[in-house]
Amino acid sequence: MEAERAAPRTAALTRTTRETDISLRLDLDGSGVADVDSGVPFFDHMLDQLARHAPLDLTLRCTGDLQVDTHHTVEDCALLLGQAVHEALGDRRGIRRMADARVPMDETLAEVALDLSGRPFCRAEVAEAGSAALPPSLVAHFLESLATGARLTLHVRVLYGRDGHHQAEAIFKALARALGEAVARDPRRAGAVPSTKGTLSR
């Protein structure tokens, strides 16, 4: 049982379409190291925040149709990252499962609550979070796509803020803190699936 709980929780995935070509490696028990190149520097900065504050280790390479815009790159990276979380968690045995976090970024305050429930859902109230390359609609779509791929329930809200960069950074840091807590192994569960159904993986 101890060996089962200590098993590596990693995933290495690729996704190739006519719009993007992505390779990704994830270690849920990492130390916060990100090696990310999506072709969208602001998005890379957000993914670095996610890895650093979870903490998890993330390596990602993406070649996308940026001559069109950043939508396909962000969407497909989010889907693949979510799928990697799902694969690395396996049957989700022994995890804390649910977590929430509030994170300030100067004048901004953002909150995230999530449940690794196996049921994909996202409600994202992201105000004006983002930048020209990652506008608020795309921040919301990243969160929705991540929830779909990871099969998690996700609620995100910017309580207040003026600066779009600060809002996005607060969101990604809060997401990191909540995700890191939810995937953490809970020694009190002794490897049990934290669900009355007996399963969270389907």
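Attention here is on the structure that accompanies the text. In every chain, residue numbers begin from 1 and rise along the written sequence. With pLDDT at 70 or above as the cut-off, local features in this predicted model cover only qualifying residues; side-chain atom pairs require 80 or more to be listed or tallied, and sums for whole chains, interfaces and linings still use all residues. Here the side-chain values reflect all heavy atoms present in the structure, with hydrogen atoms and water set aside.

1. Section: the side chain of T20
By definition, any uninterrupted DSSP run of H or I lasting at least four residues is a helix, any uninterrupted run of E lasting at least two residues is a strand, and each is numbered from the N terminus. Within the secondary structure layout, T20 lies in strand 2 (residues 20–27). Residue classification places T20 among the buried residues on the basis of a relative accessible area of 2%. Each polar contact in these results corresponds to two N or O atoms within 3.5 Å; when the atoms are within protein, one needs to be able to donate a hydrogen and the other to accept it, and residues that are neighboring in sequence are counted only if both atoms are side-chain atoms. A polar contact is formed between the side chain of T20 and the side chain of D76, at a distance of 2.6 Å. Here, two residues are considered to be in contact whenever any of their heavy atoms come within 4.5 Å of each other. The residues touching T20, leaving out its near neighbours within four places in the chain, are R15, C62, T63, G64, H72, T73 and D76. Buried means the residue's accessible area, taken with a 1.4 Å probe over protein chains only, is under 20% of the maximum for its type, while exposed means over 50%, and partly exposed covers the values in between.

2. With respect to the pattern of salt bridges
The salt bridge criterion pairs a side-chain nitrogen of Lys or Arg with a carboxyl oxygen of Asp or Glu, the two atoms within 4 Å. All chains considered together, the criterion is met by 13 salt bridges. Close ionic contact of R96 with D186 constitutes a salt bridge, the shortest N to O distance being 3.9 Å. In this pair, R96 sits in the loop between helix 3 (71–89) and strand 5 (98–105) while D186 sits in the segment after helix 5 (164–183), placing the two residues 90 residues apart along the sequence. Look at D186 and you get buried, because its relative accessible area is 4%. For the salt bridge of R157 with E111, the shortest nitrogen-to-oxygen distance reads 2.5 Å. Of the two residues, R157 sits in strand 8 (residues 153–160) while E111 sits in strand 6 (residues 108–115), which places them 46 residues apart along the sequence. What emerges from the salt-bridge pattern is a single network uniting R9, D29 and R185.

3. Points about the nonpolar core
Buried residues of nine kinds, namely Ala, Val, Leu, Ile, Met, Phe, Trp, Tyr and Cys, make up a nonpolar core once their side-chain atoms join them within 4.5 Å. One finds L114, F142, L143, L154 and I171 to be the most contacted residues of the largest nonpolar core, which totals 64 residues. With 11 residues, the top contributor of residues to this core is helix 5.

4. Structural notes on the sheet that holds strand 4 (residues 57–64)
Strands belonging to one sheet form pairs held by backbone hydrogen bonds; the direction of such a pair is parallel or antiparallel. Whether two strands pair comes down to DSSP finding at least two bridges between them. The strand order 1-2-4-3 describes an open sheet built from 4 strands, whose pairing is mixed. Each of the sheet's edge strands pairs with one partner strand only, and the pair in question is strand 1 (10–16) and strand 3 (34–37). The mean inter-strand angle of the sheet, taken between neighbouring strand axes irrespective of direction, is 5°. Direction of pairing for strand 3 relative to strand 4: parallel, over a ladder of 4 bridges. Among the inter-strand pairings, D35 is bridged to a residue of strand 4, identified as T59. Orientation is described by axes fitted as lines to C-alpha atoms, over the contacting stretch for helices, and by angles from 0 to 180 degrees between their N-to-C directions. Those strands touched by helix 2 (residues 41–53) are strand 3 and strand 4, and its axis lies near 160° from that of strand 3. Against the sheet, helix 3 touches strand 1, strand 2 and strand 4, its axis set at about 145° to strand 1.

5. Notes on the packing of helix 4 (residues 136–150) against helix 5
Two elements in contact, helix 4 and helix 5, have axes whose closest approach is 11 Å; the angle formed by their N-to-C orientations is 15°. Classed by the angle they form, the pair helix 4 and helix 5 counts as roughly parallel. Here the hand of the crossing between helix 4 and helix 5 comes out right-handed. Residue-level contacts link V139, F142, L143 and L146 of helix 4 to I171, F172 and L175 of helix 5. Its residues assigned to classes, the contact of helix 4 with helix 5 shows 7 nonpolar, no polar and no charged. Roughly parallel here means an angle under 35 degrees, roughly antiparallel means over 145, roughly perpendicular means 65 to 115, and every remaining angle is called oblique. We call a crossing left-handed when the near helix sits turned anticlockwise from the far one by less than a right angle, and right-handed when that turn is clockwise. Three classes are used: nonpolar for Ala, Val, Leu, Ile, Met, Phe, Trp, Tyr, Cys and Pro, charged for Asp, Glu, Lys and Arg, and polar for all others, with Gly counted as polar.

6. Let's talk about helix 3
Each residue after the first adds 1.5 Å to the expected span of a helix. Compared with an ideal rise of 1.5 Å per residue, which puts 19 residues at 27 Å, helix 3 spans 27 Å between its outermost C-alpha atoms and is within 8% of the ideal. With 15 of 19 residues buried, helix 3 lies mostly within the body of the structure.

7. So, unusual backbone geometry
Across the junction of A54 and P55, the peptide omega takes the value -15°, indicating a cis bond. With respect to the helices and strands, the residue P55 is situated in the loop between helix 2 and strand 4. Located in the positive-phi region is D106, a residue other than glycine, with phi close to 55°. Along the chain, D106 turns up in the loop between strand 5 and strand 6. Residue classification places D106 among the exposed positions, given a relative accessible area of 63%. The backbone phi angle of A127 is positive, close to 50°, even though this residue is not glycine. Inspection of the secondary structure puts A127 in the loop between strand 7 (121–125) and helix 4.

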